[in-house]
Amino acid sequence: MPTKKQYAIIGMGRFGSSVAQSLSKMGFEVLAIDSSEQKIQEIVNMVTHAVSADSTDEEALKALGIRNFDVVVVAIGQDIQASILTTLILKDLGVPKIVVKAQNELHGKVLSKIGADKVVFPERDMGTRVAHNLISPNILDHIELSDDHSIVEMRVASFMIGKNLKELDIRARYGCNVMAIKNNGKMNISPYAEDRLKDGDILVLVGENEHLQKMELAYSES
Ligand code: ATP
């Protein structure tokens, strides 16, 4: 059996500590790092190891054996310089996968240029999700795949119940594809045209933002 991945999270703000606790709850080994002793005290009982260190100090990161971790998440927000320096050091030390939280688009661009494997924008992404949910309460989730494409989860509207996908003809009417139908935690992946929708079903749609938006608006009026 492959050994479980080991994660190190740098920066125990709201985002970093949430990532650290979630991974820990899922049973992974997590090293939490923060320059603040107080933040370390707050997280110490919830992760495998918690260490107070300045991540812009290369020797300190080396001493922690940071390059042996499979994934390192840099969750330093406000001190952009520290976030960039930390990412550079991790890259130099040969960490296999570096995920970094960006404060804004420019910060994100710099992080990608210096070799961050994944750049995340939690505030921006959550703002987008909340906005979509405000337009239509039927929209449960919204994930941007690129500037032009997204995945959207939406509750079936009452007029759809009892109809099959062929009758609804979502692809022709709205230009988006039904990837899956969820119900009570069960997933029907790549549903058939004859599959009928039930009350409580959730459609997982993929498509161009423009098409998805048309469908979201149609939903909000239904
Ligand atoms: P949140 O996730 O709460 O929105 P934030 O984006 O506002 O956080 P900060 O509060 O600026 O981010 O930083 C997150 C954490 O990173 C803080 O607890 C801070 O002590 C820690 N931190 C900042 N610089 C360093 C560093 N050089 N080394 C280690 N930890 C650091």
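Bear in mind the structure is a predicted one, so any value in this text is a computation, not a measurement. (Residues numbered from 1 in each chain as written. Predicted model: local features only at pLDDT ≥ 70, side-chain atom pairs only at ≥ 80, totals over all residues. Heavy atoms only, no water.)

A.B. asks: Can you walk me through the site of the ligand in this structure?
C.D. replies: Around the ligand there are 20 residues in total, and Arg14, Phe15, Asp34, Asp54 and Lys101 lie nearest to it. At 2.7 Å from an oxygen atom of the ligand is found a main-chain nitrogen or oxygen belonging to Arg14. Here Lys101 contributes a side-chain N or O atom positioned 2.8 Å from an oxygen atom of the ligand. Bound to the protein, the ligand loses 84% of the 630 Å² it would expose on its own. The site holding the ligand turns out to be the largest pocket. Tallied by class, the residues present in the shell around the ligand amount to six nonpolar, eight polar and six charged. (Near = heavy atom within 4 Å. Polar contact = N/O pair within 3.5 Å; in protein donor to acceptor, adjacent residues only side chain to side chain. Areas by Shrake-Rupley, 256 points an atom, 1.4 Å probe, with all protein chains shown as cover. 1 Å grid on protein atoms, 1.4 Å probe; cavity = no way out; pocket = protein on both sides within 12 Å on 5 of 7 lines; lining within 4 Å. Sits in = over half its atoms within 2 Å of the grid points. Nonpolar A, V, L, I, M, F, W, Y, C, P; charged D, E, K, R; others polar.)

A.B. asks: Could you clarify how one ought to interpret the side chain of His132 in this entry?
C.D. replies: As for its position among the elements, His132 is in helix 6 (residues 122-135). Judged by relative accessible area, which is 10%, His132 ranks as buried. One polar contact links His132 to His142, side chain to side chain, over a distance of 3.3 Å. Not counting residues within four places of it along the chain, the set of residues in contact with His132 comprises Ile139, His142, Gln213 and Glu216. (Helix = DSSP H or I, 4+ residues; strand = E, 2+ residues; numbered from the N terminus. Buried < 20%, exposed > 50% of the residue type's maximum accessible area, 1.4 Å probe, protein only. Contact = heavy atoms within 4.5 Å.)

A.B. asks: Explanation requested: the packing of aromatic side chains in the structure shown.
C.D. replies: What characterises a pair of aromatic rings is the spacing of the ring centres plus the angle enclosed by the ring planes. Under the counting rule described, the total for this entry stands at one aromatic pair. Ring geometry for Tyr7 against Phe28: centres 5.3 Å apart, planes inclined by 80 degrees, an arrangement best described as edge-to-face. Here Tyr7 is found in strand 1 (residues 6-10), whereas its partner Phe28 is found in the loop between helix 1 (14-25) and strand 2 (29-34), with 21 residues between them in sequence. For Tyr7, a relative accessible area of 14% translates into the label buried. Lying across the ring of Phe28, Lys4 places its NZ or CZ 5.1 Å from the centre. Over the aromatic face of Phe121 sits the side chain of Arg124, whose NZ or CZ is 4.2 Å from the ring centroid. (Phe/Tyr/Trp six-rings, centres within 6.5 Å; stacked < 30°, edge-to-face > 60°. Lys NZ or Arg CZ within 6 Å of the ring centre and 35° of its normal.)

A.B. asks: Got a minute to help me understand the nonpolar core in this structure?
C.D. replies: Generally speaking, soluble globular proteins have nonpolar side chains that are buried together. Of all hydrophobic cores here, the largest spans 23 residues; its most connected members are Ile10, Ile33, Leu61, Ile66, Val72 and Leu90. At the level of elements, strand 1, strand 2, strand 4 (71-74), helix 4 (80-93) and strand 5 (97-101) are the ones that each hand at least two residues to this core. The dominant element in this core, judged by the number of residues it contributes, is helix 4, at four residues. Ignoring sequence-local partners within four residues, the contact set of Leu90 consists of Ile10, Leu61, Ile66, Val72, Val74, Val95 and Ile98. By size, the runner-up hydrophobic cluster in this structure holds 19 residues, among which are Val156, Ile170, Leu205 and Tyr219. (Core = buried A, V, L, I, M, F, W, Y, C linked by side-chain atoms within 4.5 Å.)

A.B. asks: Would you mind showing me how to read the packing of helix 4 against helix 5 (residues 105-113) here?
C.D. replies: When two helices pack together, you describe them by how their axes are tilted relative to each other and by the distance separating the axes. In contact at an axis separation of 10 Å, helix 4 and helix 5 are set at 15 degrees when each is read in the N-to-C sense. Between helix 4 and helix 5, the angle is such that the two are roughly parallel. Crossing of helix 4 against helix 5: the hand is right-handed. Here helix 4 contributes Ile80, Ser83, Ile84 and Thr87 to the contact with helix 5, which in turn contributes His107, Val110 and Leu111. Of the residues assigned to the contact of helix 4 with helix 5, the class counts are four nonpolar, three polar and no charged. (Axes fitted to C-alpha atoms, helices over the stretch in contact; angles between N-to-C directions. Parallel < 35°, antiparallel > 145°, perpendicular 65-115°, else oblique. Left-handed = near helix turned anticlockwise from the far one by under 90°.)

A.B. asks: Just to check I follow, could you spell out the layout of surface pockets for this structure?
C.D. replies: In this structure, the largest pocket occupies an estimated 740 Å³ of space. With six residues, the top contributor of residues to the lining of the largest pocket is helix 6. (Points joined across faces, edges and corners; volume = space filled by probe spheres on them.)

A.B. asks: What is the right way to look at helix 5 in this model?
C.D. replies: Spacing of three or four residues puts side chains on the same side of an α-helix, whose turn is 3.6 residues. Buried within helix 5 are the following residues: His107, Gly108 and Leu111. Burial along helix 5 is one-sided: seen end-on, the buried residues are contained in an arc of 100 degrees. For helix 5, exposure combined with an orientation more than 90 degrees from the buried face picks out Leu106, Lys109 and Lys113. Where helix 5 is buried, its residues meet helix 4, strand 5 and strand 6 (118-120). Downstream of helix 5 by a residue or two, Gly115 has a phi angle that is positive, lying close to 110 degrees. (Arc of directions from axis to C-beta.)

Read these as geometric descriptors, not functional statements.
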